Amino acid sequence: MFIIRWILGRIILFFDFIFTPRSPKRAAAEQQEINQRIANLSLYQLPACPFCVKVRRAMKRNGLPVELRNINKDEKYKQELISEGGKRTVPCLRIVNQDKSVHWLYESCEIVTYLEKIAS
Ligand SMILES: N[C@@H](CCC(=O)N[C@@H](CS)C(=O)NCC(=O)O)C(=O)O
């Protein structure tokens, strides 16, 4: 089972690499403004998870370089996700609100909708 998942993961990464979406070309000032808007975001994810690939592609398509946190590479991120977010499922977008409260947004579709609103 592990080997099948591993092979599927490599296939997903291969096609993601070949058909990677283009980021929009923005003026430097506009991109800087967007980067400030996403500075409070981080995506807890895994490289070969298909739902994470979907979210990362939406980020690329919308020119949103959100910080990526690989939960398998860094145990700290995995523990944060479980203890603060409530479950280990990825992708999960960590949103720090203006009042410093933290919201953990699970579900790739909801994350993509949230990100597209930021970019528009
Ligand atoms: N409906 C979720 C599915 C996410 C999902 O199934 N993620 C898998 C990795 S591809 C996972 O984290 N599974 C482990 C778990 O749920 O604890 C979404 O669209 O984000």
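In case you missed it, the structure is sitting above this.
Parameters and conventions
- As a convention, each chain's residues are numbered from 1 in the sequence order in which they are written.
- Local features in this predicted model are restricted to residues of pLDDT 70 or higher, and side-chain atom pairs are both shown and tallied only at a pLDDT of 80 or more, whereas totals for entire chains, interfaces and linings draw on every residue.
- The basis for every side-chain value is the complete set of non-hydrogen atoms in the structure, without hydrogens or water.
- We call two strands paired when DSSP finds no fewer than two bridges between them.
- The way it works is that DSSP assigns letters per residue, a run of H or I at least four long becomes a helix, a run of E at least two long becomes a strand, and they are numbered from the N terminus.
- Only the contacting stretch of a helix is used when fitting its axis, a line to C-alpha atoms as for every element, and angles between N-to-C directions run 0 to 180 degrees.
- Here, residues are in contact when the closest pair of their heavy atoms is within 4.5 Å.
- Patch members must show over 30% relative accessible area and no salt bridge, and they are joined within 9 Å when carrying like charges or within 5 Å when they are nonpolar side chains of Val, Leu, Ile, Met, Phe, Trp or Tyr.
- Only the protein chains shown count as cover for residues, and the accessible areas themselves come from Shrake-Rupley with a 1.4 Å probe.
- Salt-bridge detection follows one rule: a side-chain nitrogen of Lys or Arg within 4 Å of a carboxyl oxygen of Asp or Glu.
- Only heavy atoms are used to decide nearness, and a residue is near a molecule or strand if one of them lies within 4 Å of it.
- Residue type decides the class: Asp, Glu, Lys and Arg count as charged, Ala, Val, Leu, Ile, Met, Phe, Trp, Tyr, Cys and Pro as nonpolar, and the leftover types, Gly among them, as polar.
- Reported orientations rely on four angle classes, namely roughly parallel under 35 degrees, roughly antiparallel over 145, roughly perpendicular from 65 to 115, and oblique for the rest.
- Here, the term nonpolar core denotes a set of buried Ala, Val, Leu, Ile, Met, Phe, Trp, Tyr and Cys residues that are joined through side-chain atoms within 4.5 Å.
- A simple rule labels every residue: compare its accessible area, found with a 1.4 Å probe on the protein chains alone, to the largest value its type can have, and call it buried under 20%, exposed over 50%, or partly exposed in between.
- Two helices that cross are described as forming a left-handed crossing if the nearer one is turned anticlockwise from the farther one by less than a right angle, and a right-handed crossing if clockwise.

Draft legend 1. Highlighting the sheet that holds strand S2 (residues 67–70). One open sheet holds the 4 strands; their spatial order is S2-S1-S3-S4, and the pairing between them is mixed. In the strand order of this sheet, the two ends are held by S2 and strand S4 (102–106), each with one partner. Going across the sheet, the axis of each strand differs from the next one's by a mean of 25 degrees, ignoring polarity. Taken together, the 4 bridges between strand S1 (residues 41–45) and strand S3 (residues 92–96) define a ladder with antiparallel strand orientation. Within the sheet, the bridge partner assigned to Leu41 lies in S3 and is Ile95. Contacting S1 and S2, helix H3 (residues 50–61) runs over the sheet at an angle of about 150 degrees to S1. Sheet strands in contact with helix H4 (residues 75–85) are S1, S2, S3 and S4, and its direction is about 100 degrees off that of S4.

Draft legend 2. Up close: a nonpolar patch on the surface. Together, Phe2, Ile3, Ile4, Trp6, Ile7, Leu8, Ile11, Phe14, Phe15, Phe17, Ile18 and Phe19 make up a nonpolar patch on the protein surface, roughly 1,300 Å² of accessible area in all. Examined against the element boundaries, Leu8 turns out to sit in helix H1 (residues 2–18).

Draft legend 3. Main features of the site of the ligand. Around the ligand, the structure places Cys49, Pro50, Phe51, Arg88, Thr89, Val90, Pro91, Glu107 and Ser108. Summarising the interface, the protein chains cover 64% of the accessible area of the ligand, which totals 510 Å² for the free molecule. In the shell around the ligand, the residues fall into 5 nonpolar, 2 polar and 2 charged.

Draft legend 4. Spotlight on the packing of H3 against helix H5 (residues 108–119). At a minimum axis separation of 9 Å, H3 and H5 run at an interaxial angle of 10 degrees. Compared by their axis directions, H3 and H5 come out roughly parallel. Contact with H3, carried on its side by Phe51, Lys54, Val55, Ala58, Met59 and Arg61, involves Ser108, Cys109, Ile111, Val112, Leu115 and Glu116 of H5 and no other residues of that element.

Draft legend 5. Representation of the nonpolar core in the model. Formed by 17 residues in total, the largest nonpolar core has its most connected members in Leu41, Leu64, Val66, Leu93 and Leu115. Within the residue set of this core, elements represented by two or more residues are S1, H3, S3 and H5. Not counting residues up to four positions away in its chain, the partners in contact with Val66 are Ile38, Leu41, Ser42, Leu43, Met59, Leu93 and Leu115. Ranked by size, the runner-up nonpolar core spans 11 residues in total, among them Cys49, Ile71, Leu81 and Tyr106.

Draft legend 6. Representation of the packing of H1 against H3. Viewed as axis vectors pointing N to C, H1 and H3 meet at an angle of 15 degrees, and their least axial separation amounts to 10 Å. For the element pair H1 / H3, the angle class is roughly parallel. Every pair of crossing elements has a handedness; the one defined by H1 and H3 is right-handed. Residue-level inspection shows Ile12, Leu13, Phe15 and Asp16 of H1 in contact with H3, the latter providing Pro50, Val53, Arg56 and Arg57. Among the residues forming the contact of H1 with H3, the class breakdown is 5 nonpolar, no polar and 3 charged.

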